[in-house]
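Chain by chain, the residues run as shown.
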Amino acid sequence: MTTANPEQLLFASTTATFLEKQASLTHVRGLHASDVSFQPEWWQRAAELGWASLLVPEELGGGSVSGDGVADLAMVAEQIGHTVAPGPLHPVSIVLSGLVEAPDGHEETIEALVSGELVSSWAVYEPRRPFTPLQAATKATRTEGGYRLDGVKDRVEAGADSGAVLVTAELDGAVRQFLVPTDTAGVTVTPQASVDLVKRYARVHFDGVEIDDTAVVGTAEQTPAIIERQRQIALVLQCAETVGILDAVLAMTNQWLFDRHSFGRPLASYQALKHRAADMKMWFEAARGTTAGAVRAVSERSPDAELLASVAKAYVTERAPVMLQDCVQLHGGIGVTWEHDLHLYLRRAALYRAMFGSPEDHHRAVYALSTTEAAK
């Protein structure tokens with residue numbers, strides 16, 4: 001992402017310094033060795049830097065340095081990609097992007113999320129089902145005092161570390177969202193591992209969970225637009241972090257090609273390898289450009305936001321694992337060892353390729369949206 005004013009430059013510099021000191025690759029490996037996803041006190045320090053406030057308007061206790069919270073948040077995500085840092089930036093931001101659209105009754109939760117005292121996540125996936133946020137097998141039933149939830153959600157990021165989850169459920173033939181504390185009777189959280197070293201997920205069971213009227217987020221009419229907003233935020237965060245991953249790995253690989261010699265010449269001097277490096281540079285710039293376009297559209301709530309978010313997701317997460325595999329190959333034997341850091345980046349990129357719709361899913365979405373637009 002680009003920075004355009006001194007406040008943004010300072011925020012970017014502060015973020016980068018914090019990540020270098022508090023979330024290095026060595027730190028990530030240490031968390032994995034300790035079987036820890038992230039440290040709560042670390043996330044609170046990150047929240048103090050303003051990471052969790054960027055999508056929240058000032059009247060609800062938030063604010064951003066540039067006035068463009070989505071762009072500032074994407075910058076943080078890109079910086080995180082440089083060290084594949086831990087932490088619940090994605091789930092907390094996705095939940096907040098929904099709550100601020102219909103904040104009535106949820107002001108205290110928003111405040112707790114902004115301060116870092118509370119972690120929350122979006123419970124939208126269901127076992128053996130693809131990412132279909134406007135469909136839910138989980139059922140909500142009206143009761144005298146509110147609602148009853150029954151069903152199972154899985155792939156809930158940071159679910160075991162969350163004090164509340166934002167649950168999609170079918171109510172009266174339409175999908176609604178409910179904010180449910182994880183210590184509510186009938187809620188069972190079971191941790192799930194992932195291919196990433198520090199990203200953890202969870203399966204959440206809702207067995208006759210009783211919640212009151214204040215748990216619902218938004219009206220039936222508002223909910224589809226709120227869910228779409230959350231989906232777009234999820235996608236641009238993935239893409240921005242993946243751009244940071246590619247930036248770091250390409251720099252690492254290019255340095256390796258200059259430092260490593262064969263027959264008395266640096267590898268970078270061989271024409272075949274120059275072509276591969278040039279191709280990857282071109283793909284990287286395209287990934288950065290499509291992501292920047294999506295971030296701008298989502299920030300401005302453009303009519304094209306849905307389309308451009310899918311364009312970015314389709315291109316960036318399809319191309320990134322291929323580029324990273326090329327970088328592994330260019331490193332030779334050392335590239336496939338546990339000791340080298342390349343696999344940390346490849347793991348995160350492979351995870352993001354699968355979450356919130358595959359590139360193939362988003363190619364189909366782009367086609368459908370483009371066809372619809374062309375028919376108008």
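Rules behind the numbers
- Residues numbered from 1 in each chain as written.
- Predicted model: local features only at pLDDT ≥ 70, side-chain atom pairs only at ≥ 80, totals over all residues.
- Heavy atoms only, no water.
- 1 Å grid on protein atoms, 1.4 Å probe; cavity = no way out; pocket = protein on both sides within 12 Å on 5 of 7 lines; lining within 4 Å.
- Points joined across faces, edges and corners; volume = space filled by probe spheres on them.
- Helix = DSSP H or I, 4+ residues; strand = E, 2+ residues; numbered from the N terminus.
- Nonpolar A, V, L, I, M, F, W, Y, C, P; charged D, E, K, R; others polar.
- Domains from an automatic or database assignment.
- UniProt positions renumbered as here; feature names shortened; annotations may be inferred.
- Buried < 20%, exposed > 50% of the residue type's maximum accessible area, 1.4 Å probe, protein only.
- Pairing = 2+ DSSP bridges.
- Contact = heavy atoms within 4.5 Å.
- Buried area = accessible area lost by both parts, 1.4 Å probe.
- Salt bridge = Lys/Arg side-chain N within 4 Å of Asp/Glu carboxyl O.
- Polar contact = N/O pair within 3.5 Å; in protein donor to acceptor, adjacent residues only side chain to side chain.

1. A short note on the layout of surface pockets
Logical step 1: Within this model, the largest pocket holds a volume of roughly 370 Å³.
Logical step 2: For the largest pocket, the lining is made up of 18 residues, of which Phe131, Thr132, Pro133, Arg231 and Ala365 are closest to its centre.
Logical step 3: Those elements that place two or more of their residues in the lining of the largest pocket are α7 (223-259), α9 (305-330) and α11 (359-375).
Logical step 4: Residue classes in the lining of the largest pocket are distributed as eight nonpolar, five polar and five charged.
Logical step 5: Composition of the lining of the largest pocket by domain shows at least three residues from each of domain 2 (121-220) and domain 3 (223-374).

2. Quick look at the UniProt feature "domain: Acyl-CoA dehydrogenase/oxidase C-terminal" (unreviewed entry) in the chain
Logical step 1: According to UniProt, the feature "domain: Acyl-CoA dehydrogenase/oxidase C-terminal" (unreviewed entry) maps to residues 238-361 in the numbering used here.
Logical step 2: In this annotation, residues 238-361 is assigned 76% helix and 3% strand; the end-to-end C-alpha distance for the span is 15 Å.

3. Focus: the pairing of strand β1 (residues 120-123)
Logical step 1: Neither face of β1 is exposed, since Ser120 and Trp122 on one face and Ser121 and Ala123 on the opposite face are all buried.
Logical step 2: The pairing of β1 with strand β4 (residues 164-171) spans four bridges and is classified as parallel. Paired with Trp122 across the strands is Leu166, a residue of β4.

4. Some thoughts on the UniProt feature "domain: Acyl-CoA dehydrogenase/oxidase N-terminal" (unreviewed entry) in the chain
Logical step 1: Following the UniProt record, the feature "domain: Acyl-CoA dehydrogenase/oxidase N-terminal" (unreviewed entry) maps to residues 6-86 here.
Logical step 2: A helix fraction of 62% and a strand fraction of 0% characterise residues 6-86, whose end C-alpha atoms lie 27 Å from each other.

5. Considering empty space enclosed by the protein
Logical step 1: Following the criterion strictly, the structure yields six cavities of 30 Å³ or more and no others.
Logical step 2: Lining the largest cavity are His90, Pro91, Ile94, Ser121, Trp122, Val124, Tyr125, Arg155, Val156, Glu157, Met355 and Phe356.
Logical step 3: Class assignment of the residues belonging to the lining of the largest cavity gives a composition of eight nonpolar, two polar and two charged.
Logical step 4: When residues of the lining of the largest cavity are assigned to domains, at least three map to each of domain 1 (6-118) and domain 2 (121-220).

6. Regarding the domain arrangement of the chain
Logical step 1: Annotation of the chain at the domain level lists domain 1 (6-118), domain 2 (121-220) and domain 3 (223-374).
Logical step 2: Relative placement of domain 1 and domain 2: their C-alpha centres are 22 Å apart.
Logical step 3: Taken together, the contacts link 21 residues of domain 1 with 18 residues of domain 2.
Logical step 4: For the pair domain 1 and domain 2, the two sides together bury roughly 1,600 Å², of which 70% comes from carbon and sulfur.
Logical step 5: Counting across the domain 1 and domain 2 interface gives one salt bridge.
Logical step 6: As a salt-bridge pair, Arg200 and Asp35 come within 3.3 Å of each other at their nearest N and O atoms.
Logical step 7: Where domain 1 meets domain 2, there are four residue pairs in polar contact (both at pLDDT 80 or more).
Logical step 8: Within the residue set of the side of domain 1 that touches domain 2, elements represented by two or more residues are α2 (25-33) and α5 (89-99).
Logical step 9: When grouped by side-chain class, the residues that make up the side of domain 1 that touches domain 2 number 13 nonpolar, seven polar and one charged.

7. Comments concerning α5
Logical step 1: Counting buried residues in α5 gives 11 out of 11 residues, a clear majority hidden from the surface.
Logical step 2: Buried within α5 we find Leu89, His90, Pro91, Val92, Ser93, Ile94, Val95, Leu96, Ser97, Gly98 and Leu99.

8. Side note on the pattern of salt bridges
Logical step 1: Taken as a whole, this structure holds 19 salt bridges when the rule is applied.
Logical step 2: Across the salt bridge formed by Asp196 and Arg348, the nearest N and O atoms sit 2.6 Å from each other. Placement of the pair is Asp196 in the loop between β6 (187-192) and β7 (201-212) and Arg348 in helix α10 (residues 342-354), with a sequence separation of 152 residues. In this structure, Asp196 and Arg348 share a single accessibility class: buried.
Logical step 3: Shared partners join several salt bridges into a network, and the residues in it are Glu126, Arg129 and Lys153.

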